[in-house]
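Spelled out, the chains give:
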Amino acid sequence: MLGASLDVWMTIIGFALACAIGLIVAVMRLSGLGALAVPAYIYIQIMRGIPLYVFLLLVYYGLATISGLAFSPIQAMIVTLALTGSGYTAEIFRGGIEAVDRGHVEAAHSLGMGNWSTFRDVVFPQTVRLVVPPLGNTLVGLFKGATIASVIAVPDMVFLAMDVNTTFFRPFEAFGAVAVILVVTVVLFSIAITGVERVARLP
Amino acid sequence: MILVSLSAYSYDWSVVPRSMPVLAQGLLFTLQISILSLTFSLILGLGVALCRLSPFKPLSFLAFGYIQIFRALSLYVYILLLYFGLAAVIGIKLNPLGASVTSLTLLNAAYMAEIYRAAIGGVDHGQWEAATSLGLSQIGSFFAVVLPQAFRIAVPSLMNQLVDIIKDSSIVAVIAASDLMYNTIQLNGFYNRPFELYFTTGLIYLAVVAIVSQLAVGFERRLKRHLA
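So, here's what we can say about the structure. (Residues numbered from 1 in each chain as written. Chains lettered and ligands numbered in written order. Predicted model: local features only at pLDDT ≥ 70, side-chain atom pairs only at ≥ 80, totals over all residues. Heavy atoms only, no water.)

## Quick word on unusual backbone geometry
This is how the line gets drawn: Elements are defined by DSSP. Helices are runs of H or I of four residues or more, strands are runs of E of two residues or more, and each kind is numbered from the N terminus. The rule is simple: take the accessible area with a 1.4 Å probe, protein chains only, and divide by the maximum for that residue type; under 20% is buried, over 50% is exposed, in between is partly exposed.
One non-glycine residue, A:Phe169, lies in the positive phi region at around 45 degrees. Mapped onto the fold, A:Phe169 is located in the loop between helix H7 (157–168) and helix H8 (171–200). Of the residues examined, A:Phe169 reaches a relative accessible area of 61% and is grouped as exposed. The phi torsion at B:Asn192 lies on the positive side, around 50 degrees, for a residue other than glycine. With respect to the secondary-structure elements, B:Asn192 resides in the loop between helix H8 (180–191) and helix H9 (194–227).

This is the structure we're talking about:
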């Protein structure tokens, strides 16, 4: 159980960072300035195209050797979740922002609101409502991704299960228990997301 | 501090050309298991979707359970359970290739089933009515009229699923299936050049994913033209 809570924590922190980065990248992508939009596009393609496992080892071993920037295993996992997740959240935010009716932007401008205030007060609140369901899927995806952390010796639930397995040689029971915890946690996440969706839904 | 050490590190990219034959071998294995899993999960997914949509309640419920459970499991946990767990319990010792393809197939079939289900739901109800009024039976109208149209709706999502399969397949390295990822890890054990090697492997995956996405876009366009 201790291991599972570590997975959940890494997921939640990684997800929060992924949302923050994703929102910035989405705004860059939509900015209409080539100098911002092109790097944002390339960033999204790279983050969505590299498998989590490859990325994790690149962050954990690769970065440490070239820069001396040595992450702890947990930090490396969180960074990996945040970066790979941000490729997906950026596209979700982009879809959400684009789905807001152009007329609302025009109306806000004609009321004398500036660009920033239009985005913050008119577009963004509507975007948030639209992006909750797909962001929920990303959250679940990141949680499933977080279980790979044991390959760099993060003492998460899979790592503990491997420990149990080497002590008792009971692989089916050990990994079966992890599978059950995983399914139950995903169901709990889904229930939580449905709750948020209900709150966020337009009145 | 970081900048100083960045310049202090001497890159040795010469390991990359030396690693290419082994990486190519791994890539071939990755593509092999991805395409096998895609084929099997396309078939199994359709079967699950049909069960899910069947009016026979127990069957539909079983399919629902299958979809929920396999969509919630991560490939990593599932492959450990299948490869080590099953071997210990019922003595089935899958080889790494078999375990990789089986786990990728079973997991992805659940996603495929949902894609099929949505696509079948996306076919206009009038098509059903038209087919039955022409004297086709329920089953006949499903297979002759609804399913071909549903398949067309589903193709883009199904192709995207191939991208996920290729990316996910990197995880089979943990059971020593000699795919692209496993070979990279082995090479790193030999050369101890993690940045150069994982960076290169990342680029290879990126290139494969980009090519598959392009193929998907082209395929989709051809289907659209065919429909128009």
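## Considering the packing of aromatic side chains
Applicable threshold: When two rings of Phe, Tyr or Trp (its six-membered ring) have centres within 6.5 Å they constitute a pair, described as stacked for plane angles under 30 degrees, edge-to-face for angles over 60, and tilted for the intermediate range.
Within this structure, the stated rule accounts for 16 aromatic pairs over all chains. Seen in terms of ring centroids, B:Phe195 and B:Phe199 are 5.5 Å apart; in terms of plane orientation they differ by 20 degrees. Their pairing is stacked. You can see B:Phe195 and its partner B:Phe199 sitting in helix H9, 4 residues apart, about one turn around the helix. Under the relative-accessibility criterion, B:Phe199 is labelled partly exposed at 34%. Ring-pair connections join several aromatic residues into one group, and the members of that group are A:Trp116, A:Phe119 and A:Phe124.

## What to know about the interface of chain A and chain B
Stated precisely, the cut-off is as follows: Contacts between residues were defined by any pair of non-hydrogen atoms, one from each residue, lying within 4.5 Å. When two parts are put together, the accessible area they lose, computed with a 1.4 Å probe and summed over both, is reported as buried area. Each salt bridge in this description consists of a side-chain nitrogen of Lys or Arg and a carboxyl oxygen of Asp or Glu lying within 4 Å of one another. A 3.5 Å cut-off defines polar contacts: any pair of N or O atoms within that distance qualifies, except that in protein one atom must be a possible hydrogen donor and the other a possible acceptor, and neighbouring residues in sequence count only when both atoms are side-chain atoms. Just so you know the grouping, Ala, Val, Leu, Ile, Met, Phe, Trp, Tyr, Cys and Pro go in nonpolar, Asp, Glu, Lys and Arg go in charged, and all remaining residues, Gly too, go in polar.
Residue-level contacts link 34 residues of chain A with 36 residues of chain B. Summing both partners gives a buried area of about 3100 Å² for chain A against chain B, and 80% of it is carried by carbon and sulfur. Summed over the three residues of chain A that lose the most area to chain B, namely A:Tyr53, A:Ile66 and A:Phe172, the buried surface amounts to 20% of that side. Inspection of the region where chain A meets chain B yields 0 salt bridges. Where chain A meets chain B, there are 6 residue pairs in polar contact (both at pLDDT 80 or more). Counting only elements with at least two residues in the side of chain A that touches chain B, the list comes to helix H2 (34–49), helix H3 (52–67), H7 and H8 of chain A. Top contributing element to the side of chain A that touches chain B by residue count: H3(A), with 10 residues. By residue class, the composition of the side of chain A that touches chain B is 24 nonpolar, 8 polar and 2 charged.

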